[in-house]
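Working through the structure, step by step
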Amino acid sequence: MSNIRNIVILTGAGISAESGLRTFRAEDGLWEDHPVEQVATPEGFAADPDLVQRFYDERRAGVMAAQPNDAHVALAHLDEKWEGELLIVTQNIDDLHERAGASRMLHMHGEALSAWCMACDMRHHWEGALSDRPPCPACGESALRPDIVWFGEMPYRMDAIFAALAEADLFVSIGTSGAVYPAAGFVQQAQLGGARTLELNLEQSLGSRQFDETRLGTASELVPQWVTEMVGE
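If you're wondering where the values come from, they're calculated on a predicted model, not measured in any experiment.

Topic: unusual backbone geometry
- With a phi angle near 70 degrees, D121 is a residue other than glycine that sits in the positive phi range.
- Tracing the backbone through its elements, the reader meets D121 in the loop between strand 6 (110-117) and strand 7 (123-125).
- The class for D121 is partly exposed, based on a relative accessible area of 48%.

Written out as structure tokens, the structure reads:
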């Protein structure tokens, strides 16, 4: 491990599943019993904004009720101890990484506890409901939507992610399906820069064959073990 200085970590729904948050998309194409196209696309929001707002009000409440698990805590410990560059990129919309103590991270798919005003383009920390059309704290317009990247929209901070991948010595994917781009292509981007790649997952993913090493098991078991290897504690 002495030649590893810069680490990029990608986390997906599998790391939060043990905290009681369901994975984003089931095999039947439903998310919390709704067609994904109905609640996770701009077209779905335009067709029935009340349904979409209620849907994310429920997700927001679920996030606030959940607690970080051992995998989140272990990554926060790595964030604290690692002296090289470290970036945790999460596909998840929950704040469990932050509540565990991680700070060197970004949310590429947005955040459940954030509201985005379509009138003034401001974003606000938000814990209440949006379904009752509250006014934007900045401009007063009732034009707030969930600050979530829906299908058909560009994920956040891609420039920063690709820059980190280009400099990475190690890329680690945790609890992801390997099915959704652009995140599914991060392993290849990291390898182009010469990084070693490691997958920690409950089962083989669609992209497992692309990794140098895959370890199978629960995130709450695998992530603390790997972090212990990295920090020597």
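A few points about the packing of aromatic side chains
- Evaluated as defined, the whole model comprises 5 aromatic pairs.
- Considering the side-chain rings of F55 and Y56, the 5.1 Å spacing of their centres and the 80 degrees angle between planes classify their relative orientation as edge-to-face. An identical accessibility class is assigned to F55 and Y56; each is buried.
- Aromatic pair F171 and F211: ring centres 6.2 Å apart, planes at 15 degrees, arrangement stacked. Of the two residues, F171 is situated in strand 9 (residues 170-174) and F211 in the loop between strand 10 (196-201) and strand 11 (213-216); the sequence distance between them amounts to 40 residues.
- Residue class for F171 comes out buried when judged on its relative accessible area of 1%.
- In this structure, R59 is placed above the aromatic ring of F55, and the distance from its NZ or CZ to the ring centre is 4.4 Å.
- Looking at R145, its charged tip hangs above the ring of W150, at a distance of 3.8 Å from the centre.

Definitions and cut-offs
- Residues numbered from 1 in each chain as written.
- Predicted model: local features only at pLDDT ≥ 70, side-chain atom pairs only at ≥ 80, totals over all residues.
- Heavy atoms only, no water.
- Helix = DSSP H or I, 4+ residues; strand = E, 2+ residues; numbered from the N terminus.
- Buried < 20%, exposed > 50% of the residue type's maximum accessible area, 1.4 Å probe, protein only.
- Phe/Tyr/Trp six-rings, centres within 6.5 Å; stacked < 30°, edge-to-face > 60°.
- Lys NZ or Arg CZ within 6 Å of the ring centre and 35° of its normal.

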